Amino acid sequence: MARDSQAALVALNRFGFGARGGASGDLINAASDPRGFVKAELARPNGVLLEAPGLQSTPQLGQAVFAYQDQVKQAREAAKAAAPAEAPAQAPADQKPGPRRNLSLNAAATEIAGPMAEAKPADNATMQPNAAAPPAAKPAPQPLNVIQKTFRAEALARLQRATLVECGFTERLVVFWSNHFCISASKGELARMWAGAFEREAIRPHVLGRFADMLKSVEQHPAMLFFLDNQQSLGPDSRAGQNRKRGLNENLAREIMELHTLGVGGGYTQDDVTSLARIITGWTFAGRQGQLGTPGSFVFNTNAHQPGPQVLLGKTYEPTGLAQGEAALADIARHPSTANFIATKFVRHFVADDPPPALVARLRETFVKTDGDLKALATALVDSDEAWRAPLTKMRSPYDFLVASGRLLARVPEDPGGYLNNLNLLGQPLWSPAGPNGFPDTSAAWAAPEGMKLRLDIAAQMGARLGPNIDPLDLLEFAAADAASVETRKTIERAESRQQALALLLMSPEMQRR
């Protein structure tokens, strides 16, 4: 069978995270049957799930947060009681240092460039009588708390999976849907603790399942309820609403319709948003006292639910408690506007910033005919000719770029710190978009001059660390083989050093575009 290196490059870059270096043979394997190479991962649905030692469930993590917060409170109270009245105020022992500014690019690039040079030996010279006093020793870094440890463990598991997987199509699907149904770890301690679990529990099990099931799982997950404040939403006529003199919070209802399903201009009104907000009152999670259920678990609080029937998108939903909201979500998932919104966004992510209308129409039809079967949607995308003919012009996001670089350099992360620092530096902090609309998905958002300058700096640091021991031309064969452009090959050949050549390879269109 003839090998098609250009189609293999499309298979690995457009649908995956790029070829792995070392002895993977990814480009050769993809060149034999590019479409089959991509679709092979769709036949392994259990491969999307992510399990690793130490990763816990959302309720377990919620209880750990509550316990940690109680410990902090007790420590503060004890310190306050023990401090003399005239003593100056001291910062709480658990207070974290402020955010570090101007992170060195050496530190930022450490993880995908491999271990830093061996630590310098301590200076054991004896103090001379007239020698100047040495600078004061820096205080030892504070140990990570349970929230920081959990976030880093979740990040590491995700990064290792993306680095090791053969093609990466299903991991790219996870990233797409996680950004579509995004939360932000910057919301607070619970959000940071739950960010990874949210993706593992609400997104991954449904990436190759039904959209309606993912929608229900997402909107009932404590992380989403916390992120969009639905635990604060009370039916005005509910028992809790009457007692507390509080009412609706429409955040979750609005984002369900605007960002998760129907899309702007999808045929809903402000009255529909309010109706959906009433319908999902009572959707919350059990707090630290566990009065409604296991702390940190999803619960339906009847006392907070707005009584009575509700009219949504022209249909009346009878007062059936939790089932009222689940029925509403099921209908919204099947709405024609949802099919169009999802198909358009899906094609924009994988193919082009301006989605080909014919391809959008076919994926919309697939979505409708299969009742939102996401595996069928992904298969239809891979089977389309447009997805293979469109040029590789979309800019990789910072996350895609860093993972692709780590794969090509055959560097499996053992600590997530370098990646997390890089993502912060490049404007895509992990699981922490600025708003509920997630990170942008167009080339213009990531191709700004400042962003490209930062990528170049990081590539240069990786080149400086790894270049002496790597032949960049060999890596180019792993990454693109004869699909590499003449310009890229000549640029690397003319580099002044291997270090510079590696940096140029990492900044080439073959590594930056998908």
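Coordinates for the structure precede this section.
So, how was this worked out
Residues numbered from 1 in each chain as written. Predicted model: local features only at pLDDT ≥ 70, side-chain atom pairs only at ≥ 80, totals over all residues. Heavy atoms only, no water. Helix = DSSP H or I, 4+ residues; strand = E, 2+ residues; numbered from the N terminus. Contact = heavy atoms within 4.5 Å. Areas by Shrake-Rupley, 256 points an atom, 1.4 Å probe, with all protein chains shown as cover. Salt bridge = Lys/Arg side-chain N within 4 Å of Asp/Glu carboxyl O. Buried < 20%, exposed > 50% of the residue type's maximum accessible area, 1.4 Å probe, protein only. Axes fitted to C-alpha atoms, helices over the stretch in contact; angles between N-to-C directions. Parallel < 35°, antiparallel > 145°, perpendicular 65-115°, else oblique. Left-handed = near helix turned anticlockwise from the far one by under 90°. 1 Å grid on protein atoms, 1.4 Å probe; cavity = no way out; pocket = protein on both sides within 12 Å on 5 of 7 lines; lining within 4 Å. Points joined across faces, edges and corners; volume = space filled by probe spheres on them. Phe/Tyr/Trp six-rings, centres within 6.5 Å; stacked < 30°, edge-to-face > 60°.

**Student:** For this particular structure, what's the right way to read the overall build of the chain?
**Tutor:** Within the chain one finds 26 helices and four strands. Intrachain contacts of the chain at a sequence separation of at least 6 include 75% that bridge at least 24 residues. Total accessible area on the chain stands at roughly 23,700 Å², and carbon and sulfur atoms take up 53% of it.

**Student:** Would you mind going over the pattern of salt bridges with me for this structure?
**Tutor:** Pairing between side chains of opposite charge can happen when their charged atoms approach one another. Scanning the entire structure with this criterion turns up 25 salt bridges. Residue Asp441 is joined to Arg514 by a salt bridge in which the shortest nitrogen-to-oxygen separation is 3.6 Å. Here Asp441, found in the loop between helix 20 (417-426) and helix 21 (443-446), pairs with Arg514, found in the segment after helix 26 (509-512); they are 73 residues apart in sequence, far enough to count as distant. With relative accessibility at 2%, the residue Arg514 sits in the buried group. The residue Lys453 makes a salt bridge to Asp457 at a minimum N-O spacing of 2.8 Å. With Lys453 and Asp457 both in helix 22 (residues 449-466) and four residues apart, this pair spans about one turn of that helix. When its relative accessible area of 43% is taken as the criterion, Lys453 is described as partly exposed. A network of salt bridges, in which partner residues are shared, links Arg158, Arg161, Glu171, Glu199 and Arg204.

**Student:** Please clarify how the packing of helix 16 (residues 357-369) against helix 17 (residues 374-383) should be interpreted in this entry.
**Tutor:** The description of two packed helices rests on the angle between their axes and on the distance between the axes. Where helix 16 contacts helix 17, the axes come no closer than 9 Å and their chain directions differ by 155 degrees. Between helix 16 and helix 17, the interaxial angle falls into the category roughly antiparallel. Judged by the sense of rotation from one axis to the other, the crossing of helix 16 with helix 17 is right-handed. Two secondary-structure elements touch here, helix 16 through Leu359, Leu363, Thr366 and Phe367 and helix 17 through Leu374, Ala376, Leu377, Ala380 and Leu381.

**Student:** Is there a simple way to explain empty space enclosed by the protein in this structure?
**Tutor:** Where empty space is left can be seen by rolling a probe of water-molecule size over the atoms. Enumeration over the complete set of coordinates arrives at one cavity of 30 Å³ or more. Its volume calculated, the largest cavity comes out at about 50 Å³. Taken together, Leu9, Asn13, Phe17, Gly18, Ala19, Arg396, Ala404, Leu408, Ala479, Glu510 and Met511 make up the full set of residues lining the largest cavity. Looking at the lining of the largest cavity, the elements with two or more residues in it are helix 1 (5-14), helix 19 (398-408) and helix 26.

**Student:** Quick question: what am I supposed to make of the environment of Ala223 here?
**Tutor:** Within the secondary structure, Ala223 sits in helix 10 (residues 222-227). Classification of Ala223 by relative accessible area gives buried; the value is 0%. In sequence terms Ala223 and Lys187 are 36 residues apart; their C-alpha atoms lie 10.0 Å from each other.

**Student:** Would you mind showing me how to read the packing of aromatic side chains here?
**Tutor:** Given two aromatic rings, one states the distance between the centres and the angle between the planes to describe the pair. Evaluation of the coordinates by the stated rule reveals 18 aromatic pairs. Relative to Phe181, the ring of Trp177 has its centre 6.2 Å away and its plane inclined at 25 degrees; by these criteria the two rings are stacked. By the burial criterion, Trp177 is buried, and Phe181 matches it. Between Phe226 and Phe285, the aromatic rings sit 6.4 Å apart at their centres with planes inclined by 65 degrees, giving edge-to-face as the arrangement. Within this pair, whereas Phe226 is found in helix 10, its partner Phe285 is found in strand 1 (residues 283-285), the two being separated by 59 residues in sequence. Look at Phe226 and you get buried, because its relative accessible area is 15%.

**Student:** What is the right way to read unusual backbone geometry from this model?
**Tutor:** Across the chain, the bulk of peptide bonds are trans and the bulk of non-glycine residues have phi less than zero. In this structure, Leu313 is a non-glycine residue whose phi angle is positive, near 50 degrees. Relative to the helices and strands, Leu313 is located in the loop between strand 3 (310-312) and strand 4 (315-317). Positive phi values are uncommon outside glycine, yet Asp371 reaches one of about 60 degrees. Residue placement: Asp371 occurs in the loop between helix 16 and helix 17.

**Student:** I tried to follow the environment of Leu374 on my own but got confused; where do I start?
**Tutor:** Position of Leu374 relative to the elements: it lies in helix 17. Classification of Leu374 as buried rests on a relative accessible area of 2%. A C-alpha to C-alpha distance of 8.0 Å links Leu374 and His206, two positions 168 residues apart in sequence. Not counting residues up to four positions away in its chain, the partners in contact with Leu374 are Trp177, His206, Val207, Gly209, Arg210, Phe211, Met214 and Phe367.

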